[in-house]
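Working through the structure, step by step
Spelled out from the first residue to the last, the chains are:
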Amino acid sequence: MPQDEQILTERPAASAAPPASAPYAPPQPVSLRINGAEHQLQIEPRVTLLDALREVLHLTGTKKGCDRGQCGACTVIVDGQRVNSCLTLAIMHEGREITTVEGLGSQDQPHPVQQAFMDCDGFQCGYCTPGQVCSAVALLDEVKQKQASSLTGTDQLEPGDLTEDEIRERMSGNICRCGAYPNIVKAIHSVVLRDART
């Protein structure tokens, strides 16, 4: 048998058909309470909270950064706790109180943390700022509730005693690619000092 014919006859059999894709999950009704308003959605169950906020509700203040829970740009507040919205499904938050950066204040009356970020120049490109602000707001509430960090251990930290090192530790899940960290810490600390005086 000529070599060319041998090559043709010894080809492996055609590969098996590709595996079937995962079954499609039809959209389901979901009721989300966001920034004090109820939203009735029809979404596929595997939609993340981040994508529901940005793509369905067009609340684009919450940013998609790494999409892996590593940068903190997508941080929102759920029932008073910081959450990376890229790592959680929207359907899991039915009946919970979700706050995005849009729900913290307004252009005419910003939240004290938002105002502090402006006063202290706590941003450069601004991409991480919504997540930083949401994280800082939740951080201040955590301190008021006397929740410890790895720095405080079992100590009962009073809100007015929040140091810059403590702020850095508690904000470590939020990355600023521009390196505006000194002013971010300064902004948060200024709110701490203001609250301590009132």
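Cut-off values and rules
Residues numbered from 1 in each chain as written. Predicted model: local features only at pLDDT ≥ 70, side-chain atom pairs only at ≥ 80, totals over all residues. Heavy atoms only, no water. Salt bridge = Lys/Arg side-chain N within 4 Å of Asp/Glu carboxyl O. Helix = DSSP H or I, 4+ residues; strand = E, 2+ residues; numbered from the N terminus. Buried < 20%, exposed > 50% of the residue type's maximum accessible area, 1.4 Å probe, protein only. pLDDT = per-residue confidence, 0-100. Contact = heavy atoms within 4.5 Å. 1 Å grid on protein atoms, 1.4 Å probe; cavity = no way out; pocket = protein on both sides within 12 Å on 5 of 7 lines; lining within 4 Å. Points joined across faces, edges and corners; volume = space filled by probe spheres on them. Nonpolar A, V, L, I, M, F, W, Y, C, P; charged D, E, K, R; others polar.

Bringing the pattern of salt bridges into the picture now. As enumerated under the stated definition, the model contains ten salt bridges in all. Its salt-bridge partner being R96, residue D79 comes within 3.1 Å of it at the nearest N-O pair. Of this pair, D79 sits in the loop between β3 (75-78) and β4 (81-84) while R96 sits in the loop between β4 and β5 (97-99), and the two are 17 residues apart along the sequence. For R168, the salt bridge goes to D165, with nearest N and O atoms at 2.8 Å. Residue R168 and its partner D165 are both found in helix α5 (residues 164-170); the two are separated by three residues, about one turn of the helix. Relative accessible area serves as the criterion here: at 43%, R168 is assigned to the partly exposed category. What emerges from the salt-bridge pattern is a single network uniting R33, E38 and E97.

Attention shifts here to unusual backbone geometry. Positive phi, normally seen in glycine, also occurs at H58, with a value near 60°. As for its position among the elements, H58 is in the loop between α2 (49-56) and β3. The phi dihedral of D79 falls on the positive side, at around 50°, and the residue is not glycine. Residue classification places D79 among the partly exposed positions, given a relative accessible area of 43%.

Time to look at the confidence of the model for the protein. Looking at the protein as a whole, the pLDDT averages 88, with 85% of positions reaching at least 70. Predicted confidence for residues 5-9 stays below pLDDT 50, and this span has two contacts to residues more than four positions away or in other chains.

As a volume, the largest pocket reaches approximately 180 Å³. Every residue along the wall of the largest pocket is listed here: V101, G105, S106, P110, Q114, F117, M118, F123, T129, P130 and V133. Of all the elements in the fold, those that place two or more residues in the lining of the largest pocket are α3 (112-119) and α4 (129-144). Looking at the lining of the largest pocket residue by residue, the class counts come to seven nonpolar, four polar and no charged.

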